[in-house]
Amino acid sequence: MSALPETQTLQSQRTKMKHPPGLYLLFFTELWERFSYYGMRAILVLYLTTELVSGGLGIKPSVAMTIYGFFTGAVYFTPLVGGYLSDRVLGRRLAITIGGITMALGNIVLFAINNQIGLYIGLILLIIGNGFFKPNISTLVGELYAPNDKRKDAAFTIFYMGINLGALFAPLVCGYLAEKYFATNINGVIHYGFKYGFLAAAIGMIIGQLIFNIFGNRYLGDIGKKPTGAPVKTNKETKTKTPLTKQEKQNVAVIFILTCFVIFFWAGFEQAGSSLTLYTDKFIDKSIGGWTMPTSWFQSLNPFFIIVLAPIVSQIWIKLSNSKRGDLPIPAKMGLGMILLGLGFAVLIPAVLQTGSDEHHVVEKANLLFIIFTYFLHTLGELCLSPVGLSMVSKLAPVRLASLLMGVWLAGTGVAQLLAGQLAAFTQSLGYLEIFSLISGVTIGLGLILLLLTKKLVRMMN
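As the structure is a computational prediction, the values presented were derived from the model and not from experiment. (Residues numbered from 1 in each chain as written. Predicted model: local features only at pLDDT ≥ 70, side-chain atom pairs only at ≥ 80, totals over all residues. Heavy atoms only, no water.)

## Observations regarding the nonpolar core
- Residues Leu26, Met40, Phe71, Leu258, Met334, Met392 and Trp409 are the most contacted members of the largest nonpolar core, which totals 124 residues.
- Two domains each provide a minimum of three residues to this core, namely domain 1 (20-229) and domain 2 (245-461).
- Once residues within four sequence positions are removed from consideration, Phe71 is found in contact with Tyr37, Met40, Leu44, Leu123, Leu126 and Ile127. (Core = buried A, V, L, I, M, F, W, Y, C linked by side-chain atoms within 4.5 Å. Buried < 20%, exposed > 50% of the residue type's maximum accessible area, 1.4 Å probe, protein only. Domains from an automatic or database assignment. Contact = heavy atoms within 4.5 Å.)

## Quick notes on the packing of aromatic side chains
- Counted according to the given criterion, the structure contains 25 aromatic pairs.
- For the pair Tyr37 and Tyr38, a centre-to-centre distance of 5.1 Å together with 80° between the ring planes defines the contact as edge-to-face. Residues Tyr37 and Tyr38 agree in their burial class; the two are buried.
- Ring pairing ties together the aromatic residues Phe111, Tyr176, Tyr181, Phe182 and Tyr196, which thus form one cluster.
- Taking the ring centre of Trp317 as reference, the NZ or CZ of Lys333 above it sits at 4.1 Å. (Phe/Tyr/Trp six-rings, centres within 6.5 Å; stacked < 30°, edge-to-face > 60°. Lys NZ or Arg CZ within 6 Å of the ring centre and 35° of its normal.)

## Side note on empty space enclosed by the protein
- This model, assessed by the stated rule, comprises one cavity of 30 Å³ or more.
- In this structure, the largest cavity encloses a volume near 370 Å³.
- For the largest cavity, the lining is made up of 25 residues, of which Tyr38, Tyr76, Tyr160, Trp266 and Glu382 are closest to its centre.
- Breaking the lining of the largest cavity down by element, the ones donating at least two residues are α2 (21-49), α5 (116-143), α6 (152-181), α8 (246-269), α10 (301-321), α12 (368-396) and α13 (402-426).
- With five residues, α12 is the largest single contributor of residues to the lining of the largest cavity.
- When the residues that make up the lining of the largest cavity are grouped by side-chain class, the tally is 13 nonpolar, seven polar and five charged.
- Both domain 1 (20-229) and domain 2 (245-461) contribute no fewer than three residues apiece to the lining of the largest cavity. (1 Å grid on protein atoms, 1.4 Å probe; cavity = no way out; pocket = protein on both sides within 12 Å on 5 of 7 lines; lining within 4 Å. Points joined across faces, edges and corners; volume = space filled by probe spheres on them. Helix = DSSP H or I, 4+ residues; strand = E, 2+ residues; numbered from the N terminus. Nonpolar A, V, L, I, M, F, W, Y, C, P; charged D, E, K, R; others polar.)

## Remarks on the pattern of salt bridges
- As enumerated under the stated definition, the model contains nine salt bridges in all.
- Of the charged contacts in the structure, one is a salt bridge between Arg34 and Glu30, with a shortest N-O distance of 4.0 Å. Remark: Glu30 and Arg34 occur in helix α2; sequence separation between them is four residues, near one turn of the helix.
- Arg34 gets classed as buried once you look at its relative accessible area, which sits at 2%.
- The partner of Lys134 in a salt bridge is Glu30, with the nearest N and O atoms 3.1 Å apart. With a gap of 104 residues between them, Lys134 in helix α5 and Glu30 in helix α2 connect regions that are remote in the sequence. Grouping residues by exposure puts Lys134 and Glu30 together as buried.
- Salt bridges sharing common partners tie together Glu30, Glu33, Arg34 and Lys134. (Salt bridge = Lys/Arg side-chain N within 4 Å of Asp/Glu carboxyl O.)

Okay, here's the thing in structure tokens:
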């Protein structure tokens with residue numbers, strides 16, 4: 001007679017361990033948005049620097065990398081405005097839709113207008129759209145769970161897999177269309193089909209928005225429909241906002257402190273789309289059995305490694321959390337991530353010593369294993385830092401400031417992107433050896449400092 005209650009209890013426990021279906025809706029929405037973004041990003045610097053006769057814009061590499069850095073930086077600043085407007089006025093769901101449509105239009109402009117005017121209009125639309133989309137999709141993931149739900153870290157890891165599935169296929173598809181399928185040889189001059197890569201990115205964004213809006217009501221219910229930070233009105237007056245508690249202020253301080261550290265991580269990591277792309281294009285031997293791999297395909301290495309390594313890293317965190325000593329604190333994981341990034345750049349130093357930095361006088365190209373191992377270490381560092389950071393913000397941020405503080409976290413990445421653009425531009429004047437060595441030394445040093453500060457930050461987070 002007691003078997004039925006026991007069965008019901010087991011079913012209840014399994015239900016509690018399952019993730020809500022809304023997580024998988026957000027997973028696929030983010031997958032297609034990241035397909036759009038990383039597909040466009042994979043070919044952007046190549047589009048900027050390729051000569052006009054070959055289908056590019058013929059911009060000097062140093063200027064191109066400055067433009068790239070400004071674009072990727074602004075993409076992470078506008079979430080401050082988008083997060084504020086969604087908290088106060090729009091609600092997260094409407095903001096995501098506005099952002100998605102605007103980004104699709106940006107890629108369509110890059111496809112249709114192949115000159116510098118089209119470039120700047122397209123990039124501006126992408127910057128604005130991302131400001132509405134990016135802070136709100138991550139915050140919605142957190143809102144699917146109660147504040148102390150133990151599934152939240154695992155949920156963000158699953159969500160992060162969606163990001164990287166999109167990022168994995170994007171350079172393969174968009175890069176293949178641009179560098180191979182639509183490339184033509186006219187009188188010995190190769191003309192690349194970059195605009196078709198941008199068109200594929202636009203289609204990906206449209207697919208993501210269709211999925212989100214068709215299934216949103218069914219799987220998300222009312223989550224994200226209303227702004228959470230709007231003033232609450234009584235019959236005659238607006239209630240005064242309650243001030244932040246001491247603990248909330250400390251939590252906000254921790255978010256800002258860690259944001260300052262991760263700026264330097266992303267400044268190094270985001271060389272992937274600029275200096276590492278150009279170094280790969282000019283100095284890495286990309287031939288395999290007589291076939292030359294498209295340069296843009298190397299940007300699929302990072303998401304490939306994430307998909308392979310994320311479940312392993314997630315299991316390591318779970319085993320540590322169940323051990324006597326417990327899981328590593330968030331700041332310690334981030335410090336470890338910064339050290340791994342620095343080691344990734346250290347791997348490239350022997351390669352640069354072999355190839356030099358002058359693309360017009362390359363004595364010998366470096367083996368592609370150098371760049372593969374660099375991306376491997378960078379990916380391990382990212383897994384220690386990025387999904388943990390998203391989860392941290394969702395846990396620590398006061399509810400009424402959730403999207404705004406997610407915007408702050410992303411704005412830190414924006415500062416990093418601007419810094420990354422300048423560092424990449426300096427590779428053209430100072431050389432790859434000097435810049436890669438600088439990034440390696442600084443990130444390893446800051447990672448060690450963050451490890452030393454871990455106990456203090458953990459006490460503040462409480």
